[in-house]
Structures are given as C-alpha cells and as structure tokens.
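# Tertiary structure, described
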Amino acid sequence: MPQISRRSLLAGSGGLSALALLAACGGSSGSGAGPGASASLRWWDHFSALQKFHKEWAKTQSQALGVAIEYTYNDVSRSTEALQLANQSKQLPDIYSNVVGLPLPALVAEGWLHEITLSDQAKAALPEGAYAEGITTIDGKLYGLPLFSYQQYAAAQWFNVDVIGDAGLDPDSPPASYDEYRANLEKIKASGSDAAPMVLALGGVARMREQMDDLAQAAGFPGFQGTKYTTGEFAYDDDTYVNAIEFWKELNDSGLILAGSGSLTVADARTRWASGVAGYFPDGPWCAGGAKNVVPAFVEKMGVGPILTPDGAAPTTYRGTPPSQFFIAGNTKNPEQANAVIESMTTTDYQKGLAAGMDQPPFDLSVVESADVIAPYKKLCGWFADTVKRAPEPIVRNPQIAKVQAAQKPISPHLGDIVQGYLGGDVKDLKAALRDLNARSSADRDQAIAAATAGGAQVSLADYAFADWQPGQDWVRPA
C-alpha cells in the first residue's frame, strides 16, 4: 500500500479517527508482566486465529524475560494504516506482523526494520529454504522471521455442516467444480433456509485479490499474481481470471451471496458466517482458528472442501518462499528483548501452539497430524501437502531483484479492487480493467528495473522468465 501522510490522516474529521486508531492499536490486551510492571515491549499482529495463543505466549515470554510485553491484536483491515501512522510518528511497536504492503528491501531502506539475530539452534529449527535474499534477508542479514508453510492457499470452501445438511447436501462430498458449487448454493436458497447460500468478504480487497489469484491458478493459469512463469509477462486478462471473476459475478447477481457482503471485512464476514448467516464461506486455513476465537462452539459445525476448479479436475497451485511474518521495529529501544521474543517463535513449544491455533499451517505440515486441531483443518492441510507446489521466483534466482522490488510502487486499483468493483457494478468492462492492470503492472516493473540498473544492479526482464518451468512440478531453486 502507498505511504499515507500524517497530514492527510489527521486532516478534518479523519484526524480524530486516525488518532483513535493509533491509540486503540497501541493499547494493551492484558498480557503484561504483572501489577506494577512498566511496559517495555509492544507486540502487534493481525493473526485473528492466533490472538489467544499469542496473548498467552506474550505473558509467558514476559515472565521469562522479566519485562512487560503488551500484546495487541489488530484486524487486518486496520493494521496497515495503524502501522503507517505509527511509523510516521516514530511509535512503531517493538514487534509487529508483516502487513505493511511494501517489499522487504523497501522496508529496510526506509528504516522500518531492525536486524534479527538468531542463535545457531534457532536457525537450525527452521527447514532448508526458509531464508531467501530479498524475502527474509538483505545482504545476508535477517530482517524478517518466516513461520508458516508455503503449502497453502486462501480459497478453500468452508461450509456450515448444519446448513448444507438441511438443504439435503452431503458434507462428505464437497463440490469440486463451479457448476457443482453453484448447484449447491441454489439448493440452499430453494430449501427455504434462513441462511444465505454464501458470504464473501468483498470489503476486504486484499483477500479478494489473494482468492482470485488462487482460483485462476487452480483453473490452470501458468503463473501467479497475473505473471506467467515461462515468459514473465502480465496476463490478468487470461480466461482463467475472467471466468473465475465472472463466476462470482453470476453468483452475486443471482442472489446467492449474502446481501451487504460488499462492505464486509474478512473478520466481519467470518464472524457472521460463524453465527450461522450463510452456508459457504471461501477462506484460507486460518478460518478454523478465526471462527473458533469468535464462536468457539461453531467449530463442530465446520466442514471444508478444496479449492474449486472450473471442471472439477484436481487442482494444483504454486507458492514461493514463505514471506517474513514478524519484524522488529527499526526504532525499537529494546532490540535484545524483542530479539528474544522472536527467537522463542522457533521453539518446538511455539510451533505446536502455532499448529493448534489453526491459522496458517506451520513449516512442518506433519506437526498438524498430531496437533489439537479439528478434522477439517487436518484434512485441508493434507490437501495442501499433496497439491501445492514450489513456484519459481526471480529473486531466488537473482537476489539483485531485491533492488527492483525496492523501486516498485503499489499498484492501485489492484485485482481485488477490480473484483469488488465488478461485482458491485462500478467496473463495467472487466476485460478492459484487467488489460489496464496488465499495462500498469508492466509499466511499474519497467521503471523499477530501469531504476535498479541505473543504480548498478544486474537485472533485466529476462530474470522474470522461467522457460524450463513445468506445470505440476516443484521448481528447484538454483544451488
């Protein structure tokens, strides 16, 4: 996301809401070291499914380190703005999650981050390939801690077992194709249920972008985030994208999506779904932990199916090196204590707690099998292990791509904005909007490459093309 100026945030009536946002996000959630202890560390994150676990972990680390730790959970829709404002006022929390929206090189260059130093034992706890230049490290120095498995996607089809059962549908046979999914929604609507067939978090445009990238990839798009692996060209107007967006548009126009979904954030949509207002809810693995946090009893009613494909064929999706999940603030006054908290996240106890939180699965997917998780979450992680392959990455092949990323600017409107606008009626010509997104994405990458080469980087458009990539196979990073 673009930097938001303090002046624009504080101007007019928006100033009150911005100040309130910063104050609210800086508040403690009750995880300090105890009565009389003064706070010395602040920890913010946006992991809904992990907030209870992280609150307890902060308390445990607070006692172990002898310092107070204020842990605050912020909804993802509020986190970016809060962090931007905190950075501009030099009030960043000591530890925070990666939701800023800028690539790691830019965060380091602009002073957002402090180096993380892990012990050899902590480094060994994470699997090979966990660290990559430009993704978790810059010039060999670690700036971001990865926690989660790359084998995941954001568009699983979660459902309310009671709602679909009342409609005569079999929870053990989830739909696989667009047509089967539509038919199930229509059966719920025809059943006279008080529940809507489906709810979408259309107000969460970042999640809409993720889910549409996933659906296009599962449908056969030979790349990710609109970029074809073999050529490096942007192709958001590919039929896989168009058909997936048109599918959601048809569901919305047919009254199969809960009215008012256009304004729902991810947290709002999940909370409403867990309260029983809809049968289906597309979401990632974190849906299980997120729903459990807001409506604990609802987890017994949760079922899940894999990501849809147009014809019901078995899906294959691709992901690259896991991104950084936690940072230490560049202006922290307590780098040693913050570093100790970050290092604690590499321990076995933390990893087990991470799995039990049912958010994104941990690096070692095998941990899930014996973790305290519901059966649908375990089933979904099994699908991830079988169907999510390692993707080719320009920055892994050529680390100097980090200098290109540092020069790139956020694209707006992005794919999620287009999806929201098209379903809401503001975007009239879908293909024209997607072709324009191609052009803007290409232009931004071109200027970033030019800027990087002007600064001495050895990079080119050829770095984005992987002519030897094979669909359905793991990409093997260069030695």
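See above for the structure.
Okay, so let's go over this structure. What you see is a predicted model; the values in this text were computed from it and never measured. (Residues numbered from 1 in each chain as written. Predicted model: local features only at pLDDT ≥ 70, side-chain atom pairs only at ≥ 80, totals over all residues. Heavy atoms only, no water.)

It is worth spelling out the overall build of the protein chain at this point. The helix and strand tally for the protein chain stands at 19 helices and 15 strands. Summarising its shape, the C-alpha atoms of the protein chain cover approximately 60 × 55 × 50 Å along the three principal directions. Across the protein chain, contacts joining residues at least 24 apart in sequence account for 78% of those joining residues at least 6 apart. As displayed, the protein chain offers around 19400 Å² of accessible surface, 50% of which is attributable to carbon and sulfur atoms. (Helix = DSSP H or I, 4+ residues; strand = E, 2+ residues; numbered from the N terminus. Contact = heavy atoms within 4.5 Å. Areas by Shrake-Rupley, 256 points an atom, 1.4 Å probe, with all protein chains shown as cover.)

Once that is clear, we can look at the pattern of salt bridges. A side chain of one charge can pair with a side chain of the opposite charge if their charged atoms are brought near each other. In this structure the tally under the stated criterion is ten salt bridges. With its nearest N and O atoms 3.6 Å apart, the salt bridge here joins D162 to K301. Pair noted here: D162 is in helix α7 (residues 161–166) and K301 is in the loop between α12 (287–294) and β12 (302–305), with a separation of 139 residues, a long-range link. For R182, the salt bridge is made with D179, and the minimal N-O distance between the two is 2.7 Å. (Salt bridge = Lys/Arg side-chain N within 4 Å of Asp/Glu carboxyl O.)

Before going further, it helps to spend a moment on the sheet that holds strand β8 (residues 196–198). Read from one edge of the open sheet, four strands run β8-β11-β7-β12, paired in mixed fashion. The open sheet has two edge strands, β8 and β12, and neither has a second partner. Averaged over all pairs of adjacent strands, the angle between strand axes in this sheet comes to 25°, irrespective of strand direction. Bridge count between strand β7 (residues 156–160) and strand β11 (residues 278–283): four bridges; the pairing is antiparallel. In the strand pairing of β11, W158 is matched with F281. Sitting on the sheet, α12 touches β7, β11 and β12, and the angle it makes with β12 is about 165°. Each of β7 and β12 is contacted by helix α15 (residues 375–387), which is oriented at about 15° to β12, the strand it contacts most. (Pairing = 2+ DSSP bridges. Axes fitted to C-alpha atoms, helices over the stretch in contact; angles between N-to-C directions.)

Attention now goes to the side chain of Q61. Here Q61 is to be found in helix α3 (residues 51–65). Those residues in contact with Q61 that lie beyond four places of it in its chain are I69, V341 and S344.

What follows deals with the packing of aromatic side chains. Any pair of aromatic rings gets described here by the distance separating the centres and the angle formed by the planes. Tallied over the full model, the rule gives 23 aromatic pairs. Over the face of the ring belonging to F466 we find R397, whose NZ or CZ atom lies 3.8 Å from the ring centre. For R445, the ring lying beneath its charged end belongs to Y464, and the centroid distance is 4.6 Å. (Phe/Tyr/Trp six-rings, centres within 6.5 Å; stacked < 30°, edge-to-face > 60°. Lys NZ or Arg CZ within 6 Å of the ring centre and 35° of its normal.)

Turning next to the packing of helix α9 (residues 205–218) against helix α10 (residues 239–253). When two helices pack together, their arrangement is captured by the angle between the axes and the distance separating the axes. Two numbers describe how α9 lies on α10: the axes approach to 8 Å, and their chain directions differ by 120°. Here α10 runs oblique to α9, going by the angle between their axes. Regarding α9 and α10, the two cross each other, and that crossing is right-handed. Between α9 and α10, the residues in contact are M208, Q211, M212, D213, L215 and A216 and T240, Y241, A244, I245 and W248, respectively. Residues belonging to the contact of α9 with α10 are distributed by class as follows: eight nonpolar, two polar and one charged. (Parallel < 35°, antiparallel > 145°, perpendicular 65-115°, else oblique. Left-handed = near helix turned anticlockwise from the far one by under 90°. Nonpolar A, V, L, I, M, F, W, Y, C, P; charged D, E, K, R; others polar.)

Moving on: α12. The element α12 is largely enclosed, with a buried count of six among its eight residues. When we look at burial in α12, the residues that qualify are C287, A288, G289, G290, A291 and N293. Buried positions along α12 lie against α3, β7, α11 (266–274), β11, β12 and α15. (Buried < 20%, exposed > 50% of the residue type's maximum accessible area, 1.4 Å probe, protein only.)

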